[in-house]
Amino acid sequence: MALFSSAFFCLLLLLGAGSGHPTCQFLDNLMFTCQDSKVTQVPQDIPRNATELVFFLTKIRIIPKGAFLGLDEVEKIEISQNDALGTIESNVFANLPKLYEIRIEKANHLVYIDRYAFQNLPSLRYLLLSNTAIMYLPVVNQIHSSVKFVLDVQDNINIHKIERNSFLGLSSERVDINLSGNDKLEKLPNEVFLGANGPAVLDISETKISQLPSIGLEKINKLIARSAYNLKKLPPLDKFRSLIEANLTYPSHCCAFANWTKQNSFFHPICNKLSLLLDIDGTDFDLDDEHDYYQSLCKEEVDVICFPEPDAFNPCEDIMGYNVLRVLIWFISILAVMGNLVVFLIIVNSQSKLTVPRFLMCNLAFADLCTGIYLLLIAVKDIQTKSQYYNYAIDWQTGAGCKAAGFFTVFASELSVYTLTFITLERWHTITYAMELERKVRFRHAVAFMLVGWAFAFTVAILPIFQVSSYMKVSICLPMDVETRLAQAYIMFLLVLNILAFLIICTCYISIYITVRNPNIISSNSDTKIAKRMAVLIFTDFLCMAPISFFAISASLKYPLITVSNSKILLVLFYPINSCANPFLYAIFTKNFRKDFFILLSKFGLCEKQAQIYRTETSSTVPTSHMKNGHCTPAPKASEGPAYALVPLNHVNSEHTGVGPESTAPSSKKGDSD
């Protein structure tokens, strides 16, 4: 009877039907499993010969000290979906010689793992800690594994810190580390990998890590950093001596490895063995053909495989892809800034009345000044990031600097086109209706029109900041994103509008030429001069707008005819033509501007002689008058003479009044404001 009772007790023990844990089972394959919410503590009667322990959907709150002590045959322990588990005490996973895998996952309330929980596990090759609430990486440097080891610590929403030397003593063999999904993890200390045998594979995907450590990267064969958006800069390439493959977040980072090769000797195992065949003086022993083959193998250069590959919008090059563009952009940007700044300051500080043409020229100079500032921003950033743009691309293209540069260029471009169009229409209107004073463009009209222009330019420039297209698509910060229908419509709208503005300018200048042309003279000098100046204006507008509009329209329709690299040639050589030419064509080359310029300089004791000449010329001009009752009364003005006008209004007046240019009434200083 006693023999029967002992046998029955052993049977119950093997079946796991011990008292207090009727839901745990010991299966034929030596797996001990507890899969019920009624299990609230770790059973103390786990069979000694169990090789696998599974705790699934239990309500165990604490795994006590030494819970698995003496289970020398256990090879795998899995604790999964235990939402009541909060603490793992010391020596829980300790001195288990055959244990090769530990899985602790989906324990959302697990906040504490004792620093001595993992000790002396020589066979351990995989440790998973996933979906827990721990705030710090557990101490794992006392595991002392003697096999290749994978530490998989992923998707722990509260981990934000990893201590120095965390992986020292983890394994005497290769170590792979997965830290992906720990979205509060922001930093890896410089010494975090110090003394560790690896990592050979490092995965920091979906973390907030912004910088890789500068020590311990030499043994990495594979680097994975997908959706690691804060990692915008890579360490120097010579730190990655063994890197074979990189799977990163930003295509620009792959540019770092595009032209970077290294010898097999950095990572090929046979190459380390060959070094034993070298004597102490560095000379080779006699090697057979096989050794010669391996020696040549170790001298071969290997490319790094990197994803994602750079796309057409972000090729592997500096902001200015060509050295000649790097030089030209400085020259052109300085010319645009200085020319327009001078015009703006001269007009603002001039003693002359701020007339409609002067007011419009102020607006045009400011718009073109913004274009020059944009080019300067691009030029400065190009110099700062020369030869290492891949490390600065993300910060630049996603940062405030690129948004500011993009805003400047779209605002300046649209305001400049709008102002040029209005200047041309104002000239056409003034010349066409020269004798109808009531139809003259008043100052208040010009202000109202330009307020509309400023509002329009500001609106279209700020839209890409609010996701209508985007300034971050390319390194030169132009709104080239046409992925959505709205972005495509936005680009097409601006391009078509600029083409219409160019056609209006051309039509108005042709009409002006027809109006001022003297039909009685076959080819007068004044006609030729006017025609040439108008031809220069139309040609510069065409040269600026035509190539950019043509290629931009094809690109917006998703049929690009040139690459982004070639588009930079248009940016530097064609785009700023108007900004550089306008201050000279509309102001600096005119006599009135030179007068204002020298008079302003004379205030500082400069060019006083030239200023006096212009003052004398102005004061000696006698207006045409009519006699009435013995008094001289000024003849009525046909129209106020323009400041910095390209077409002399006296030529128009001579046709209407029958008097020559020399007898036409000069511009009154009274102004035209109402």
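Small disclaimer: the values here were computed from a predicted structure and weren't measured. (Residues numbered from 1 in each chain as written. Predicted model: local features only at pLDDT ≥ 70, side-chain atom pairs only at ≥ 80, totals over all residues. Heavy atoms only, no water.)

Engineer: So what about the UniProt feature "transmembrane region" (unreviewed entry) in the protein chain? Which residues, and what values?
Structural biologist: Mapped onto this numbering, the UniProt entry gives "transmembrane region" (unreviewed entry) at residues 327-348, 360-380, 404-425, 446-469, 489-514, 535-557 and 569-589. Annotated as 100% helix and 0% strand, the span residues 489-514 places its first and last C-alpha atoms 37 Å apart. Between the end C-alpha atoms of residues 569-589 there is a gap of 28 Å, over a span that is 81% helix and 0% strand. (UniProt positions renumbered as here; feature names shortened; annotations may be inferred. Helix = DSSP H or I, 4+ residues; strand = E, 2+ residues; numbered from the N terminus.)

Engineer: Run through the pairing of strand β5 (residues 76-80), naming residues and quoting values.
Structural biologist: Burial of β5 is extensive: five of the five residues sit out of reach of the surface. Burial along β5 is two-sided: Lys 76, Glu 78 and Ser 80 and Ile 77 and Ile 79, pointing in opposite directions, are all buried. Examined bridge by bridge, strand β3 (residues 52-56) and β5 share five bridges and lie parallel to one another. Within the sheet, the bridge partner assigned to Val 54 lies in β5 and is Glu 78. Here β5 runs beside strand β8 (residues 101-107); their pairing, made up of five bridges, is parallel. Along β8, the bridge assignment pairs Ile 77 with Ile 102. (Buried < 20%, exposed > 50% of the residue type's maximum accessible area, 1.4 Å probe, protein only. Pairing = 2+ DSSP bridges.)

Engineer: Could you give an account of the nonpolar core, with specific residues and numbers?
Structural biologist: Across soluble globular proteins, you tend to see nonpolar side chains buried next to one another. In terms of nonpolar packing, the biggest core is built from 77 residues, with Leu 53, Phe 68, Phe 93, Phe 167 and Phe 257 touching the most fellow members. For this core, the element with the most residues is helix α2 (residues 251-258), which contributes four residues. In contact with Phe 257, not counting residues within four places along its chain, are Leu 234, Leu 237, Phe 240, Leu 243, Ala 246, Leu 248, Val 304 and Cys 306. (Core = buried A, V, L, I, M, F, W, Y, C linked by side-chain atoms within 4.5 Å. Contact = heavy atoms within 4.5 Å.)

Engineer: With reference to specific residues and values, describe the packing of aromatic side chains.
Structural biologist: This structure, assessed with the given rule, holds 15 aromatic pairs. On the numbers, 6.1 Å between centres and 80° between planes, the contact of Phe 240 with Phe 257 is edge-to-face. Of this pair, Phe 240 sits in the loop between β15 (222-224) and β16 (245-247) while Phe 257 sits in helix α2, and the two are 17 residues apart along the sequence. Note on accessibility: Phe 240 and Phe 257 belong to one class, buried. Ring geometry for Phe 407 against Phe 458: centres 5.6 Å apart, planes inclined by 75°, an arrangement best described as edge-to-face. Here the residue Phe 407 occupies a position in helix α8 (residues 400-432), and Phe 458 occupies one in helix α9 (residues 443-462), the gap between them amounting to 51 residues. Phe 458 gets classed as partly exposed once you look at its relative accessible area, which sits at 43%. (Phe/Tyr/Trp six-rings, centres within 6.5 Å; stacked < 30°, edge-to-face > 60°.)

Engineer: Break down the state of the cysteines for me, citing the residues and quoting the values.
Structural biologist: Following the criterion strictly, the structure yields four disulfides and no others. Bridging Cys 254 to Cys 306, the disulfide has an S-S length of 2.0 Å. A torsion of -75° about the S-S bond marks the disulfide between Cys 254 and Cys 306 as left-handed. Taken together, the residues span a long stretch of sequence, with Cys 254 in helix α2 and Cys 306 in strand β19 (residues 305-307) at a distance of 52 residues. Neither Cys 254 nor Cys 306 differs from the other in exposure class; each is buried. Here Cys 402 pairs with Cys 477 through a disulfide, and the sulfurs are 2.0 Å apart. Between Cys 402 and Cys 477 the disulfide shows an S-S torsion of about -125°. By sign, it is left-handed. Here Cys 402 is found in helix α8, whereas its partner Cys 477 is found in the loop between α9 and α10 (485-516), with 75 residues between them in sequence. An identical accessibility class is assigned to Cys 402 and Cys 477; each is buried. Lacking any disulfide linkage, Cys 508 is separated from the closest cysteine sulfur, that of Cys 506, by 9.5 Å. For Cys 508, a relative accessible area of 7% puts it in the buried group. (Disulfide = S-S within 2.5 Å.)

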